[in-house]
Amino acid sequence: MLKRFVNLFNQDVKVVIRNKFLTVVLLLAFVIAGLINFVIPEDVKITPKELFFDNTTERIWEKELIKRGMEIDRFYYSRDELHKAVQEDKNSLGIIAEGSLEDTTFTIIRQGTETQEIINVLDATLENGVRELRNLENAEGFGVEFLRSRSEPIPFNKNLIPVVLVFEVVMLGFLIIAVMIFQEKQEGSIRAYRVSPGGVLEYIFSKAAVITLLGLVYGGIIVLLTRGFGIDYLSLTILIVLTSTLITLMGLLLSVFFRNISEFFFAAIAILIASGIPAISYMYPSFAPPFMTWIPSYPVVFGVREILFSTGKEGFLAPLIWVLLLENAVLFAASSWAVRRKLLKEGR
Amino acid sequence: MISVKNLYHDYTGKGQYAVSDVTFTIEKGEIFGFLGPSGAGKSTVQNIMTGLLELQKGAVLYDSQSIKDMKSEFFNRIGVSFEHPNLYSKLTGYENLKYYAGLFDVQTEDPVKLLGMVGLEDAANKRASEYSKGMKQRLVFARSIINNPEILFLDEPTSGLDPSTASTIKDIIVSKKKTGCTVFLTTHNMFIADELCDRVAFINEGRIAAIDSPRNLKLQYGQKSVKVEYKEGDSITGEVFFLENEKDRTEFNNLIASRKILTIHSQEATLEQIFIKLTGRGLV
């Protein structure tokens, strides 16, 4: 069986290379690593840009904010100028400060599309600023405690690495296995395999091994170029391997039931969208309905983040590996049955 | 010995049998031809015999062992050549054979030698996608004998080949028979069946219409005839006379005496004519 596996693996590697799958994966990995390192900023402001007109005596707000690093071009010198600027920049808010330090009043000019949360945050920020300038203590008197030693905030561009790593591995694995299966069906080469001593296990293992290798090449390049050597590569490799095999088995299981890639297309889109939904939770962690946590890619993307940007959280990897192993076992049983009954047999 | 007994197969599950009550035996070292038009049930029978299709009803026995009980080792003993070339188009001819050889647990032939046997040595390093249909057909044939099979299933092995290459393939089939290989030859080409087969079975609409050696079938069902071409005015006319028929014999004699004869050929019935006689339809 080992000899046959090696033989099939060699053949699948040749097919993957000659189908330009490896080229696509390498290109994608370098482009994404380049985007993360050089194009996507480290900090992205997702709230509207505040523009000011400081009409207070001695312009106390303007002086203080410029001292704190705010760009000078965000200040205007009349109401009309500010109105015009807010009108022109749809992602901005206008703030007019009037009165003196003791009795400052603020007027906010809104676009009308801002959420109440944004207004509340702005309100709290201005109130806090007033207290600081007046040298008053925080009236609310709240404190903050951390579960673990505080970790460095993750830059916005680097925070995308787990997303592009997990979801691209999922997408590539799923599509490549499907293309390989449909190519074998279309060429009829699968019929020749059916009348050889080759079995189901080595057939599945070979495909899974090749796609996992592609996943590791892709993941390795991205992580190496964006995070360097200082991370736990062993844990990362385990997660990529288990995720790749899982998605390969899923793609295999599904593709054997379709005659060609056109019929498979809509089912594939549905699966890929479902697998990608946890990216929403990743970007907005407070949104994590229970159904989403059941999607296999959900714990993986957070697991990868923990490996890449360790917060000191302990014991997260072992349960995740067990879950992935269990999912792999279930899908392996299902795909073996499907390959034996549907792919390696004909008709009725 | 291969024994197929009362074989039935229903693709629809509604009692519409593609193959009905098919029974025949094949002796070791025999070339057995399975003749019939498209859709007659030839491939269904072959697919059941090779394990590609599940056995529904009846029996397929290899030396008394059912195809149902065969393990994967069975495939070390057989070779299958498909009518429609099914190769890895991204691999070269050599790589296709090398890969396939690697699937077997028995000693296999050298791919280079096989490519030479079927005249593809110069195209060994070309991708299969660049092969012509005939070249693909030869490669598929070469692949079927890579494991030195005891039983060879050939589906239209000379289809799309030029006469010279077809002759090479036929020679290889004959040489395989000489080494004791049993050949199950599925075809609608009466000439290759007549030339190669020890016995042939006619299959039509899923049922066997006749089984015997080509010679016996001709003797049993054929009529000896003579084809005469003669000049009539400015045109050339041809007529066939069955000399066992008294009326035809008289007409033939009159023609010889009264006309200017251009050609006379004696002819025996072809397998196709016998097939038509037995089934009411042609082989194509």
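Cut-off values and rules
- Residues numbered from 1 in each chain as written.
- Chains lettered and ligands numbered in written order.
- Predicted model: local features only at pLDDT ≥ 70, side-chain atom pairs only at ≥ 80, totals over all residues.
- Helix = DSSP H or I, 4+ residues; strand = E, 2+ residues; numbered from the N terminus.
- Buried ≥ 20, exposed ≤ 12 C-beta atoms within 10 Å, placed from the backbone.
- Contact = placed C-beta atoms within 7 Å.
- Pairing = 2+ DSSP bridges.
- Axes fitted to C-alpha atoms, helices over the stretch in contact; angles between N-to-C directions.
- Core = buried A, V, L, I, M, F, W, Y, C linked by C-beta atoms within 7 Å.

J.: Give me the overall build of chain B: which residues, what numbers.
T.: The helix and strand inventory of chain B stands at 10 helices and 13 strands. Counting over 284 residues, chain B shows a buried share of 40%. Pairs at least 24 residues apart make up 68% of the contacts formed inside chain B by residues separated by at least 6 positions.

J.: How would you summarise the sheet that holds strand β7 (residues 151–155) of chain B if you had to cite specific residues and measurements?
T.: All names here are of chain B. Spatially, the 6 strands line up as an open sheet ordered β6-β7-β8-β3-β9-β10, and their pairing is mixed. Each edge of the open sheet carries a strand with a single partner, namely β6 (78–81) and β10 (207–212). Within the sheet, the average angular offset between the axes of one strand and its neighbour, ignoring direction, is 15°. Pairing between β7 and strand β8 (residues 182–187): 5 bridges, direction parallel. Following the sheet pairing, I151 is matched in β8 by T182.

J.: I'd like a rundown of the nonpolar core, residues and numbers included.
T.: If you look at soluble globular proteins, the nonpolar side chains tend to sit buried side by side. Among the nonpolar cores identified, the biggest contains 129 residues, and V304 of chain A together with L35, A142, V183, L185 and A193 of chain B are the most heavily contacted of them. Ranked by residues supplied to this core, first place goes to helix α7 (residues 161–187) of chain A with 13 residues. In contact with A142 of chain B, not counting residues within four places along its chain, are L97, L114, L115, M117 and V118 of chain B. If you look at the next biggest cluster of nonpolar residues, it comprises 9 residues, including W61, L65, V86 and A97 of chain A.

J.: Break down the sheet that holds strand β3 (residues 92–99) of chain A for me, with residues and values.
T.: All names here are of chain A. Taken in spatial order, the 4 strands line up as β2-β1-β3-β4 in an open sheet, and their pairing is mixed. At either margin of the open sheet sits one strand with a lone partner, and together these are β2 (75–76) and β4 (105–109). Inspection of the sheet shows strand β1 (residues 49–56) paired to β2 by 2 bridges, in the parallel sense. Residue pairing in the sheet places F53 in a bridge with Y76 of β2. Taken strand by strand, helix α3 (residues 60–67) contacts β1, β2 and β3, and its axis lies near 140° from that of β1.

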